[in-house]
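# What the coordinates show
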Amino acid sequence: MTPDRVLSPMRIVDRYLLRLMVLPVLIGLSVVVVILMSEAAIDLGQALVGSTVPASLIAQYLLYSLPRAISWSLPVGVLVGVAMVSTAITRNGEATAVRAGGTSLRRLWVPFIAVGVLGSVASFCIEEYIVPSANQRSTRAFLQMTNSQPVLRPRNDQAFRDKDGRIFYVGH
């Protein structure tokens, strides 16, 4: 056994599979982050319809909403990456070739499990250490946006119910 083999337990197959997973994980992560951030943008748009808020304040709100979206997207990104790579190596016969070379399926799954554990730890750390302060800052930015606008927004054909259960209709 060579000294390199003793010092580096990572095999060529591990590095190959990890390299294959980078792009699919990033794609899965990006798609879910875009979906979650568009949800935040829609909520923001509904709250600020017809108002004039500086773009820097909107960007600040969206930037502080990003850590939550990333922490929620990491597990999905890892799942997409592992699913895409495992499907590709099976379809291309690479899993069969590695098994024919003497590597067990359990050993072949080590990089997938390692990426899953790494993604879970990263998601946990982001959720525990970064998201709470980012949520406070995004809430502060949102309140700053909404408090800087007029309270009443003129709208036609509005109905509302008071605390006694009476329904009021306001129209022009």
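Throughout what follows, the structure given in this document is the object of discussion. (Residues numbered from 1 in each chain as written. Predicted model: local features only at pLDDT ≥ 70, side-chain atom pairs only at ≥ 80, totals over all residues. Heavy atoms only, no water.)

## Topic: the overall build of the chain
Put simply, the rule reads: By the criteria applied, helices consist of DSSP H or I runs no shorter than four residues and strands consist of E runs no shorter than two, each listed in order from the N terminus. Each residue is assigned to one of three classes by its accessible area relative to the maximum for its type, calculated with a 1.4 Å probe on protein chains only: buried under 20%, partly exposed between the two thresholds, exposed over 50%. Contact criterion: two residues are considered in contact whenever any of their non-hydrogen atoms come within 4.5 Å of each other. Surface exposure here means Shrake-Rupley accessible area, sampled with a 1.4 Å probe, where a residue is shielded only by the protein chains that are shown.
When you go through the chain residue by residue, the secondary structure sums to 6 helices and 2 strands. Taken from the N to the C terminus, the helices and strands of the chain come in the order α-α-α-α-α-α-β-β. In the chain, buried positions account for 29% of the 172 residues. Counted over contacts in the chain with a minimum sequence separation of 6, partners at least 24 positions apart contribute 76%. Carbon and sulfur atoms form 65% of the exposed surface of the chain, whose accessible area is close to 11800 Å².

## Concerning the nonpolar core
Grouped burial of nonpolar side chains is what soluble globular proteins tend to show. Formally: The criterion is simple. A nonpolar core is a set of buried Ala, Val, Leu, Ile, Met, Phe, Trp, Tyr and Cys residues joined through side-chain atoms within 4.5 Å.
Within the largest apolar cluster, 12 residues are counted, these being Leu 17, Met 21, Val 25, Val 78, Val 82, Val 85, Ile 89, Ala 95, Val 98, Leu 108, Phe 112 and Val 115. Taken together, the elements giving at least two residues each to this core come down to α2 (12-47), α3 (55-91), α4 (94-100) and α6 (110-147). When residues of this core are assigned to their parent elements, the largest contribution, 4 residues, is made by α3. In this view, Val 85 contacts Leu 17, Leu 20, Met 21, Pro 24 and Phe 112; residues no more than four positions away in its chain are not counted. Listed in part, the 9 residues of the second largest apolar core include Leu 29, Val 33, Leu 74 and Val 131.

## Re the packing of aromatic side chains
So the rule is basically this: Aromatic rings from Phe, Tyr and Trp, taking only the six-membered ring of Trp, are treated as a pair when their centres fall within 6.5 Å; an angle between ring planes under 30 degrees marks them as stacked, one over 60 as edge-to-face, and anything in between as tilted. A ring is scored as having a charge over it whenever the NZ atom of a lysine or the CZ atom of an arginine sits within 6 Å of its centre and within 35 degrees of its normal.
For the structure on display, the rule yields 2 aromatic pairs. Judged by centre distance (5.7 Å) and plane angle (40 degrees), the rings of Tyr 61 and Phe 142 are tilted. Of this pair, Tyr 61 sits in helix α3 while Phe 142 is found in helix α6, placing the two residues 81 residues apart along the sequence. Lying across the ring of Trp 72, Arg 68 places its NZ or CZ 4.7 Å from the centre.

## Thoughts on α6
Every α-helix winds through 3.6 residues per turn, so residues three or four apart in the chain are directed the same way. Defined as follows: Any helix carries an expected span of 1.5 Å times its number of residues minus one.
Between its terminal C-alpha atoms α6 stretches 52 Å, which fits the 56 Å expected from 38 residues at 1.5 Å a residue. All buried positions along α6 are accounted for by Pro 111, Phe 112, Val 115, Gly 119, Ser 123, Ile 126, Val 131, Ala 134, Ser 138, Ala 141 and Met 145.

## Some points on the packing of α3 against α6
Put simply, the rule reads: Axis geometry follows a simple rule: fit a line to the C-alpha atoms, using only the stretch in contact for helices, then measure angles between N-to-C directions, giving values from 0 to 180 degrees. Under this scheme an angle from 65 to 115 degrees is roughly perpendicular, one under 35 degrees roughly parallel, and one over 145 degrees roughly antiparallel; angles in between are oblique. In this scheme the handedness of a crossing depends on how the near helix is turned from the far one: anticlockwise by less than a right angle means left-handed, clockwise means right-handed. Each residue is assigned to one class: nonpolar for Ala, Val, Leu, Ile, Met, Phe, Trp, Tyr, Cys and Pro, charged for Asp, Glu, Lys and Arg, and polar for all the others, Gly among them.
Here α3 crosses α6 at 160 degrees, and the two axes come no closer than 6 Å. Classed by the angle they form, the pair α3 and α6 counts as roughly antiparallel. Between α3 and α6 lies a crossing whose hand is left-handed. Tallied by class, the residues present in the contact of α3 with α6 amount to 23 nonpolar, 10 polar and 3 charged.

## So, the pattern of salt bridges
Applicable threshold: Definition used for salt bridges: Asp or Glu carboxyl oxygen within 4 Å of a side-chain nitrogen of Lys or Arg.
The tally for this structure, following the rule as stated, stands at 2 salt bridges. In this structure, the salt-bridge partner of Asp 14 is Arg 107, at a minimum N-O distance of 2.5 Å. Here Asp 14, found in helix α2, pairs with Arg 107, found in helix α5 (residues 105-108); they are 93 residues apart in sequence, far enough to count as distant. With a shortest N-O distance of 3.4 Å, Arg 166 and Asp 164 are connected by a salt bridge. Looking at Arg 166, the relative accessible area reads 47%, which means it is partly exposed. The exposure class assigned to Asp 164 is exposed, which follows from its relative accessible area of 59%.

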